[in-house]
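Structural description and commentary
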Amino acid sequence: MKIGILGFQGGIDEHRYMVNESCKELGIQCDVVNIYRSQHLWNVDGIIIPGGESTTITKLINRMNMDIDLRDFIKSGYPAFGTCAGLVLLAKKAIDRKTGKELTNTLGVLDIVVERNYYGRQRESFEVDIAIPILGEKPFRAIFIRAPAVIEIGSGVISHAKLSDSHIFVQQRNIIATTFHPELSGDTRIHRYFIEIIRSSKR
Ligand code: GLN
C-alpha cells in the first residue's frame, strides 16, 4: 500500500510516523511518500492532508496548480484524511469565526461548514478525552491547536464524535477528517481506521 502525505506544510513527519506504526500493527507493507506535485498523486492509494495553516496550504496548492487534480483524485474515490487545517481544506465552506471572512479555493469535496479558529485565544490549544464509539470503548485523547469546528454537516456525512455543539470527527464515504491532531497523541486508532478504508477501497 502506498500512502501520500501532502508535503507543503504542517505535521508531515508526525503523520508519516503514525502511518508507519499503524501499518506495523496491522501487518501491512506500507510506503509513505510526500506529495507536492499533481503527478505524484496517481502513484498513491490515499492521501493525508496535515494540519498547519489552511491559508498557506491553499496558496501552495494553487501555486503548484494542484487544486483540480487533488479534487479529482478525491472525488474519484481515493481515500483522503484531513486533520485540522486539512479538514478546512476539504470543506465545502470555511469561514473565519472572528472576521466572518470565507476562505475561498478550498477543495470543497466534503459536505461540511467549518468555522476556523473556533475556540478563540484563551483556548487556542487544549486536550480532552473524547468518546469515539467506532474506535472502541477507550476514549481518544484529542489535541486541539487553533482548531476549527464543524458547525454543519450534509446528509451524506457521518459524525463520529462531537465536542459540545460541534462535530470534531466526520466521514463522507472515502473521506475522513478531524478538527484535532490524532498524529500527536500516540494513539494509532484513527490512522488505522483510515488505512482500513484504503484497504477496502483496493479490494
Ligand atoms: N487555524 C488553522 C487554520 O485555519 C488550523 C490550525 C491547525 O491546523 N493546527 O488553518
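Residue indices begin from 1 for each chain and proceed along its sequence in written order. Only residues with pLDDT of 70 or above have their local features reported here, since the model is predicted, and side-chain atom pairs are shown and tallied only from 80 upward, although totals for entire chains, interfaces and linings are computed over all residues. Note that water and hydrogens are dropped before the side-chain values are worked out from all heavy atoms of the structure.

Note the cut-off: UniProt positions are given in the numbering used here, feature names are shortened, and annotations may be inferred rather than shown by experiment.
As annotated in an unreviewed UniProt entry, the protein carries the name Pyridoxal 5'-phosphate synthase subunit PdxT and is attributed to Ignisphaera aggregans. According to its UniProt record, the protein has this under Subunit (unreviewed entry): "In the presence of PdxS, forms a dodecamer of heterodimers. Only shows activity in the heterodimer."

Structural notes on helix 1 (residues 12-26)
Filter applied, for reference: Helix and strand definitions follow DSSP, with helices as H or I runs of at least four residues and strands as E runs of at least two, each counted in order from the N terminus. Expected helix span is given by 1.5 Å per residue-to-residue step, counting one fewer step than there are residues. Residue burial is assigned from relative accessible area. The probe radius is 1.4 Å, only protein chains are included, and a residue is buried under 20% of its type maximum, exposed over 50%, and partly exposed in between. Relevant arc is that of directions from the helix axis to the C-beta atoms, nothing else. The criterion used for residue contact is that any of the two residues' heavy atoms lie within 4.5 Å.
Taking 1.5 Å per residue as the helical rise, helix 1 with its 15 residues ought to reach 21 Å, and the 21 Å between its terminal C-alpha atoms agrees with that figure. If you check which residues of helix 1 are buried, you get Ile-12, His-15, Met-18, Val-19, Ser-22 and Cys-23. Angularly, the buried residues of helix 1 cover 135° about the axis, an arc narrow enough to put them on a single face. Exposed and facing more than 90 degrees away from the buried side of helix 1 are Asp-13, Tyr-17 and Lys-24. Against the buried residues of helix 1 lie strand 1 (2-6), strand 2 (31-35), strand 3 (46-49), strand 4 (80-83) and helix 6 (189-202). Following helix 1 by one or two positions, Gly-27 adopts a phi angle in the positive range, close to 70°.

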